[in-house]
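What follows is the residue order along each chain.
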Amino acid sequence: MENFWKEKKDWLNKLTIEDAKFIFDQAEKSYNHTMETAKGIYERSNGLLTLVSGILIGLVAYAIGRWKDNPHLDTLLFTAVVGIFYFLILGLIFILESVTPSEYLLPGTSPEAYFNNGFFNDKLGDDDRILAFYKVEIINFKERIEKNTKKNDTRWKMYILCLRAIFFSPIVMGIAFAIATIAS
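Reading guide: rules and limits
Residues numbered from 1 in each chain as written. Predicted model: local features only at pLDDT ≥ 70, side-chain atom pairs only at ≥ 80, totals over all residues. Heavy atoms only, no water. Helix = DSSP H or I, 4+ residues; strand = E, 2+ residues; numbered from the N terminus. Rg over C-alpha atoms; globule rule 2.2 N^0.38 Å. Buried < 20%, exposed > 50% of the residue type's maximum accessible area, 1.4 Å probe, protein only. Contact = heavy atoms within 4.5 Å. Areas by Shrake-Rupley, 256 points an atom, 1.4 Å probe, with all protein chains shown as cover. Phe/Tyr/Trp six-rings, centres within 6.5 Å; stacked < 30°, edge-to-face > 60°. Lys NZ or Arg CZ within 6 Å of the ring centre and 35° of its normal. Salt bridge = Lys/Arg side-chain N within 4 Å of Asp/Glu carboxyl O. Axes fitted to C-alpha atoms, helices over the stretch in contact; angles between N-to-C directions. Parallel < 35°, antiparallel > 145°, perpendicular 65-115°, else oblique. Left-handed = near helix turned anticlockwise from the far one by under 90°. Nonpolar A, V, L, I, M, F, W, Y, C, P; charged D, E, K, R; others polar.

## Considering the overall build of the protein
Then comes step 1: Each helix and strand in the protein was counted, giving five helices and zero strands.
Then comes step 2: For the protein, whose C-alpha radius of gyration is 27 Å, the value lies well above the compact-globule estimate of 16 Å for 184 residues.
Then comes step 3: When the backbone C-alpha atoms are referred to their principal axes, the protein occupies close to 85 × 30 × 20 Å.
Then comes step 4: By the burial criterion, 32% of the 184 residues in the protein qualify as buried.
Then comes step 5: Taking as baseline every contact in the protein between residues at least 6 positions apart, the subset at least 24 positions apart corresponds to 84%.
Then comes step 6: Only carbon and sulfur atoms are counted for the fraction: they give 64% of the accessible area of the protein, which is about 12,100 Å².

## So, the packing of aromatic side chains
Then comes step 1: Under the definition given, this model contains six aromatic pairs.
Then comes step 2: Ring geometry for phenylalanine 167 versus phenylalanine 168: centroids 5.2 Å apart, planes at 85°, classification edge-to-face.
Then comes step 3: Here a set of aromatic residues connected by ring pairs shows up, and it is made of Phe24, Tyr31, Tyr134 and Phe141.
Then comes step 4: Above the ring of phenylalanine 141, the side-chain terminus of arginine 144 is found at 5.2 Å from the ring centroid.

## Section: the pattern of salt bridges
A pair can form between side chains of opposite charge whenever their charged atoms are brought close.
Then comes step 1: Considering all chains together, one arrives at four salt bridges under this definition.
Then comes step 2: Linking arginine 66 and aspartate 74 is a salt bridge whose minimum nitrogen-to-oxygen distance equals 2.5 Å.
Then comes step 3: Under the relative-accessibility criterion, aspartate 74 is labelled buried at 16%.
Then comes step 4: The salt bridge involving glutamate 137 is made with arginine 144; its shortest N-O contact spans 3.4 Å.
Then comes step 5: The exposure class of glutamate 137 is buried, given its relative accessible area of 10%.
Then comes step 6: When its relative accessible area of 6% is taken as the criterion, arginine 144 is described as buried.

## Things to note about the side chain of serine 169
Then comes step 1: Mapping serine 169 onto the fold places it in helix H5 (residues 126–183).
Then comes step 2: The residues touching serine 169, leaving out its near neighbours within four places in the chain, are Tyr86 and Phe87.

## With respect to the packing of helix H3 (residues 17–69) against H5
Then comes step 1: The N-to-C vectors of H3 and H5 enclose an angle of 20°; their axes lie 8 Å apart at closest approach. As judged from the angle between their axes, H3 and H5 are roughly parallel. The two elements H3 and H5 cross, and the hand of that crossing is left-handed.
Then comes step 2: Among the residues forming the contact of H3 with H5, the class breakdown is 25 nonpolar, seven polar and seven charged.

Given below as structure tokens:
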């Protein structure tokens, strides 16, 4: 990130207040988009957690009932146990990662960052100070957007892996049933 701003230093120095306001507004929109995306990922992952939890509870209840009626490992019980472990791993690895709290960079800069000699000195006029404030926020927005986007990309990948795992779960359970049938 630092290289980006070193390369753009001349451009930053040419900014007018109107330029800075425009760039700031666009950066704010981009930042807000990262936060809306994070919320969407959380909501979708929460839905998957509900689905996987329901399947897991159903499989555990089935396995307990099956064991109670016939206390030996038959093909259906083996398949249910494989399903329990499959969905338990799926929930623990993929889904919980996406719904656990995650630190996103928050908007804005703490006030003490602006109350210093760099902004309040005799060399810097009022308009120049406001322009400097905008420059700092634009630079900070870039960092926030990049870090939040990176975090969202990771969480989207986990979500997609989870969807794929759920899609292939009938195949896994079918293979488990076939193995149990052949082994018995």
